[in-house]
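Observations on the model geometry
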Amino acid sequence: MSFLLPCPNCGPRPVDEFTCTGEVTIRPKSSPTLRELTDYLYFKRNVAGIQQEWWCHRQGCEAWFTAERDTRTNEVLSVEVPAER
Amino acid sequence: MRLPQQPGERLDRERPVEFTFHRMKVRGFEGDTIASALFGEGQRVFSRSFKYHRPRGLLCCQGTCPNCMLTVDGTPNVRTCVTPLTEGVHVEAQNVRGSLGNDLLAITDKIGGPFTPVGFYYRTMIRPRRLWPLYEKFLRSVAGLGSVDKHRGREQRYDVEHRHAEILVIGAGTAGRAAARQHVAAGRQVIVVETDPTRMDAGEGFEVVNGTALGVVEGGLVPVDAGALLLRYRADHIVVAAGAVEQPLIFPGNDLAGVMLPEAARRLVGRWSLKPGDRAVVIAADQGALDVVPLLEQAGTDVVEVVDLREQRLRQIAGKGRAGRIAGVELDGRRVPCDLVVMSGGRQPAYALLAHAGARVEYDRERGIFAPLDLPDGIEVVGAAAGEVGDTTVPAATFNGAAKKDKCFVCICEDVTDKDVKRAIAEGFDSIELAKRYTTVTMGPCQGKLCHVPSIRLYARENETDEATIGTTTARPPWQPVELGLLAGRPHEPAQRTSIHHRHKELGAKMMWTGTWRRPHSYGDPAGEAKNVHDTLGVIDVSTLGKLLVTGPDAAEFLERLYPNRFGDMKPGRIRYGVLNSDAGRIMDDGTIARLSEEDYYVTTTSTGAGAVVEWFEWWNAIWQMDVHIVDVTGALAAVNVAGPNARELMTRLTDLDVSNEAFTYLDAKHAHVAGVPALLLRIGFVGEVGYEIHLPSAYGEYLWDSILESGADLGAKPFGLEPQRILRLEKMHILIGQDTDSESNVLEASMPWIAKLDKDDFVGKWALEHVLERGFREQLVGFEMENGVVPLEGGQIVVDGRPGGRVTSARWSDQLGRAIGMAWVPPNLAEEDAELTVKVNGSVEKARVRLRPFFDPDGERLRS
């Protein structure tokens, strides 16, 4: 992996400056069943296609943001800082 | 041995260079490569081949083929034809038993016939199965390239540099330079990368960098091998001007020393004034080989026969060797004695970099080449790499003729003959990708530069189809073999040192790594240092603790959501121990949280966890969007813990604060001046004695350290390191994250149920912990003491009913207690005071008793006093 990721603050930067915590998941609201909990914790959708992900520009501005990335081509379609949503 | 100076000679004849070849002193000149100097000394055989140990001489002279690979100063597989000669290098042959001239293993060439087809070892030497390791050892020793000296250690330091160019031109040949000039004229910043160090002259307005582009990988990244430096180029626009690779002709004996490609002859004469041979035969499918004829004549070589395959069809070419060197060729049955054959089978565009970038590659029937098509955006190709290879004829797949005499090599790197390829086809390897893997054609050091096209041609002929139908194999980086060290680079994880580091060194501390931090293991006497804490006063540098300020109106709520603990009810000036969980309920980190004021919290983390905790905090806040600020002050603040019966007395001397037990109780946090420096004091007791953690600007770290040791000298103040701290904390049964816990541990099973306030609405990990309660405990973390005083190994087994049932996570001898103590994960039914444990120690089993309360000062009376 050596694609460029457009950091909302710093612009396009090499992907190795970032950490990724995977796809954006929805945390269950309250007291989930074991099934709901394990779904949330372990069963990622892992799509071959466009996916929303959490990224952090760890070796840069340290900001967390979400990115829309095509997992097949590593093309990043958009990025968004949650605070500015 | 040298010719008179040739035009364009690269030698400085005034400056001889001496080096050794097999412990013999030999000489070359400044400007020579190692291979050219050896050639000048009469050496014609440079290596023995991969499998058959056939003698091999200079073939390409441009760093492509494996023939000139020698071991230089202990580094194997050095392509000596492009390695500049330096004074005093030690050069040795490799993959040889005996000498280059008389390699005992050359017997494989003579008798190997039926025993050495492709895949032979793997089909034949697998039975009996248990002997394979033996076979393998034998095969590894007789086949292959140079061997790595495992005892040599790391001498070479590799580095990585990130660079940017508007226009990156790969190749400084005519086409590359023309493209560079064009882009410069358009006002762009241009960098040209060139492998050949003799083509370095800078152009007008652009820089030429000496290095080899290894590929064009994702995101337009071009890694460039520049010796011990890996340049990672990002460019807005890439121009590939990598030229074309001269292809060999495939005929029996085409690997004999003295058979070479045109460029080899050109360089030997032109650069180093060496005469490649006395009697030459030139066989050409394009202009390449014809162009060297005048050069050879000028060097005094008698060119006895010139065959232009464009005009004259040849059915059979056969090289005749004597002692591994070419002695003559048979051309359609006519014998021509010679000691040099210059052959050119046309030039194949070097499209690999373009293919890496995603270009399509298609066969051009007219010219017999594979040419790049459909370039991706931002990539351009010029010159020979684009397919401009001049007027050429498509040579025959092989020039075997009827009577075969010698082996006919399709791939000289891996010693693959035409027979091997035919056999692979006969065995049913009908796709070029599979055949490649089976025969290993194109998988040697040249990476297909010399064998890719010939093997496809042969494949097409044998399958009675054409090259376009066969297609090519996938081109992958690296384009040129690269030292692994260069890819590994230098670790960029920096060492972190505290502001008191130099004091530790002066005190003779034995330093150790904890994460990226350098910390004192001890100052020479761990047991004595631990005793000193119990008896008088110990001082430890805890600057490595992660330190975060969490401030804002939502700070309390934020921490309550992150930690299983409760923080909202804390009074300002109080401290609470907290354990951070993941949403899966797993323990991530621990530390203390001090409430400094209504909206300000001071959070400490483990030494190694600071970065991850900051990231974790920030991430959750990116989701929650609470009104809270997280500031990492780890590096800004130093921290020193003073602990022991005399700690309070020391603090009275260093500060005006009332430090009486009533005014400053256990788990209080107070701001005060310590030795005149504004500081935050935390009264906590990781090591089990009255203790104060002093946090202050790191610029004052050394000063505070000195002040403590000075004013506490009569109180017995002595530093202690991590090892004594580990003994002391174990006596208190305080866990160490990552030592006593792993990625599966949760606070409930780690015997800290009071941490988890499950009546809170929500916190990260709450639901998972609830499910742990529902399913019941699978194991539990407990303390134990050994009955006979033997200290088990950390990681040692707890045996339950003759089976592994648990594991020791920490174990130490405690002088204070006079016992061997530890912590272990055990089945829940054994997690009872006094339960008997069986611990495996050095193969035998020993008894231990479970302890659920701290070994030392179980009620914390000393700590709170």
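Anyway, here's the lowdown on the structure attached to this text. Numbering of residues starts from 1 in each chain and follows the order in which that chain's sequence is written. All chains are assigned letters beginning with A, and all ligands numbers beginning with 1, in the order in which they are written. Given that this is a predicted model, residues contribute local features only at a pLDDT of at least 70 and side-chain atom pairs are listed and counted only at 80 or more, while totals for whole chains, interfaces and linings are drawn from all residues.

Take the interface of chain B and chain A next. Taken together, the contacts link 16 residues of chain B with 20 residues of chain A. Looking at the side of chain B that touches chain A, the elements with two or more residues in it are α17 (610–624) and α21 (766–775) of chain B. A run of DSSP states H or I qualifies as a helix once it reaches four residues; a run of E qualifies as a strand once it reaches two. Both are numbered from the N-terminal end. With five residues, α17 of chain B is the single largest residue contributor to the side of chain B that touches chain A. The residue makeup of the side of chain B that touches chain A, split by class, is eight nonpolar, three polar and five charged. Any pair of residues counts as being in contact when their C-beta atoms, constructed from backbone geometry, are within 7 Å of one another. Any residue that is not Ala, Val, Leu, Ile, Met, Phe, Trp, Tyr, Cys, Pro, Asp, Glu, Lys or Arg is counted as polar, Gly included; the first ten are nonpolar and the last four charged.

Residue and element names in this part refer to chain B. DSSP calls a pair of strands paired once it identifies at least 2 bridges connecting them. Judged from the four bridges that link them, strand β41 (residues 780–786) and strand β46 (residues 844–851) form a sheet pairing that is antiparallel. When the bridges of β46 are listed, E785 appears paired with R849. Where strand β45 (residues 836–841) and β46 come together, six bridges link them in antiparallel fashion. By the bridge assignment, E836 is partnered in β46 with R849. Hairpin connection between β45 and β46: a loop of two residues separates the two successive antiparallel strands, and N842 in this loop has a positive phi of roughly 50°.

So, on to the environment of E861 of chain B. For E861 of chain B, the position within the fold is in helix α22 (residues 861–864). Taking the C-alpha atoms as reference points, E861 of chain B and I623 of chain B, 238 residues apart in sequence, are found 43 Å from one another.

Below, the discussion takes up the pairing of strand β5 (residues 64–70) of chain A. All names here are of chain A. Burial analysis of β5 places five of its seven residues in the buried class, which makes it a mostly covered element. Looking at chain direction, strand β4 (residues 50–56) and β5 are connected through seven bridges and run antiparallel. Each residue of the ladder has a partner; that of W54, found in β5, is T66. As judged from the five bridges shared by β5 and strand β6 (residues 75–80), these two strands associate in the antiparallel manner. In the sheet register, D70 faces β6, and the bridge partner there is E75. Hairpin remark: β5 followed by β6, antiparallel, with four residues in the connecting loop; positive phi at N74, about 65°. Every C-beta atom is placed from the backbone, and the number of other C-beta atoms within 10 Å of a residue's own sets its class: buried at 20 or more, exposed at 12 or fewer, partly exposed in between.

Residue and element names in this part refer to chain B. Judged by pairing direction, the sheet is parallel, and its four strands sit side by side in the order β15-β21-β16-β17 without closing on themselves. Each edge of the sheet is formed by a strand with only one pairing partner; in this case those strands are β15 (259–260) and β17 (302–308). Where strand β16 (residues 279–284) lies against β17, six bridges are found, and the strand directions are parallel. Each residue of the ladder has a partner; that of V282, found in β17, is V306.

All names here are of chain B. The buried fraction of helix α11 (residues 452–462) is high, at eight of 11 residues. Turning to α11, its buried residues are H452, V453, P454, S455, I456, R457, L458 and Y459. Here the buried face of α11 lies against β22 (347–349), β24 (369–373), β26 (409–411), α9 (418–426), α10 (432–439) and α12 (467–470). Among the residues trailing α11, E464 stands out with phi positive, at a value near 50°.

We now examine unusual backbone geometry. Of note, the amide linkage connecting P477 of chain B to P478 of chain B takes the cis form, showing an omega dihedral of 0°. With phi around 55°, D415 of chain B is a residue other than glycine that occupies positive phi space.

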